[in-house]
Amino acid sequence: MRMPLCVGNWKMFGTLAEARPLATGVRDGLRRTKDVETVLCPPFTALQAVGEILAGSSVVLGAQNCHPEPSGAHTGEIAPPMLTELGCRYVILGHSERRREVGETDELINRKTRAALAHGLTPILCVGETAEERRQGLTFTTVEGQLRAGLAEVPAEAIAGVVLAYEPVWAIGTGANATPSQAAEVHGYLRGLLSELASKDAAGAIRIVYGGSVKGENAELLAAESEIDGALVGGASLNAQGFVTIVKKTARAGAVRGN
Ligand code: PGA
């Protein structure tokens with residue numbers, strides 16, 4: 001059984017005045033929720049404050065990006081050891097906003113993935129096709145290319161330590177989520193590739209979460225699919241109550257699935 005996972009990606013939202021009550025609300029709202037792992041990924045500037053709020057709770061800390069080098073002359077960048085020092089356990093890599101806005105390549109994302117693993121951070125490796133790619137029937141080709149490149153030279157044993165996020169670009173921030181069956185189809189395809197790249201056992205244990213307009217209204221149906229192991233949530237993670245609802249629904253669907 002794979003433990004369901006819900007990740008809140010706050011993106012570039014959250015001054016400390018906003019981040020503190022949001023993290024507190026999520027922590028308190030999930031005090032009695034079991035059978036799900038929850039990760040909050042605030043902006044770098046709020047990691048320490050959010051980490052202090054989450055300390056001792058079941059909600060863990062993640063970051064939205066990292067540099068592939070452990071230190072060096074890279075103005076404005078954040079290295080993996082700086083994240084682990086603050087208590088981060090996860091890091092989102094290869095998000096489509098970074099691929100598009102700052103031109104992150106598969107090669108760079110691969111270096112970041114290997115660096116994260118080397119420093120004990122679990123990469124949440126994002127893949128996903130654009131609307132145009134889907135229209136042209138290139139969904140599988142796109143995600144396969146991103147997955148193979150992202151995991152290049154990662155030893156088979158280490159692949160088991162990765163989380164994948166399938167995030168169709170057309171579904172991010174648009175309100176139009178992939179249907180549960182559209183997402184499940186791609187997740188199944190990715191899992192097949194993982195069994196080739198790692199092993200069948202590893203592929204069966206790796207969590208593949210879905211991201212793109214996940215909200216309270218669709219979280220349960222998405223997580224009811226046996227291939228969908230949880231959610232990477234952007235916009236809807238900025239409201240504590242709303243995010244708590246998503247996590248609880250994901251946990252409930254996961255528990256039903258497990259029976
Ligand atoms: P969204 O973003 O939930 O706002 O669509 C998801 C993401 O970009 O991770």
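Basis of the calculations
- Residues numbered from 1 in each chain as written.
- Predicted model: local features only at pLDDT ≥ 70, side-chain atom pairs only at ≥ 80, totals over all residues.
- Heavy atoms only, no water.
- Phe/Tyr/Trp six-rings, centres within 6.5 Å; stacked < 30°, edge-to-face > 60°.
- Helix = DSSP H or I, 4+ residues; strand = E, 2+ residues; numbered from the N terminus.
- Buried < 20%, exposed > 50% of the residue type's maximum accessible area, 1.4 Å probe, protein only.
- Axes fitted to C-alpha atoms, helices over the stretch in contact; angles between N-to-C directions.
- Parallel < 35°, antiparallel > 145°, perpendicular 65-115°, else oblique.
- Left-handed = near helix turned anticlockwise from the far one by under 90°.
- Contact = heavy atoms within 4.5 Å.
- Nonpolar A, V, L, I, M, F, W, Y, C, P; charged D, E, K, R; others polar.

Engineer: Would you mind going over the packing of aromatic side chains with me for this structure?
Structural biologist: How two aromatic rings sit relative to each other is given by the distance of their centres and the angle of their planes. In this structure the tally under the stated criterion is 2 aromatic pairs. The interplanar angle of 15° and the centroid separation of 4.4 Å between the aromatic rings of Phe140 and Tyr189 together place this pair among those described as stacked. One end of the pair, Phe140, is in helix 7 (residues 139–150); the other, Tyr189, is in helix 9 (residues 180–197), and 49 residues separate them in sequence. Using a relative accessible area of 30% as the deciding quantity, one classes Phe140 as partly exposed. Owing to a relative accessible area of 28%, Tyr189 belongs among the partly exposed residues under this scheme. Between the aromatic rings of Tyr166 and Tyr210, the centroid separation amounts to 6.3 Å while the plane-to-plane angle is 55°, which identifies the pairing as tilted. Placement of Tyr166 in strand 6 (residues 163–166) and of Tyr210 in strand 7 (residues 208–211) is noted, with a sequence separation of 44 residues between them. What makes Tyr210 buried here is its relative accessible area of 1%.

Engineer: Looking at this structure, how should I read the packing of helix 1 (residues 16–29) against helix 2 (residues 47–54)?
Structural biologist: When two helices pack together, their arrangement is given by the angle between the helix axes and the distance between those axes. Relative to each other, helix 1 and helix 2 sit at 25°, their axes nearing to 9 Å. Our classification of the angle between helix 1 and helix 2 gives roughly parallel. The chirality of how helix 1 crosses helix 2 is right-handed. Two secondary-structure elements touch here, helix 1 through Leu16, Ala19, Arg20, Ala23, Thr24 and Arg27 and helix 2 through Ala49, Val50, Ile53 and Leu54. Looking at the contact of helix 1 with helix 2 residue by residue, the classes come out as 7 nonpolar, 1 polar and 2 charged.

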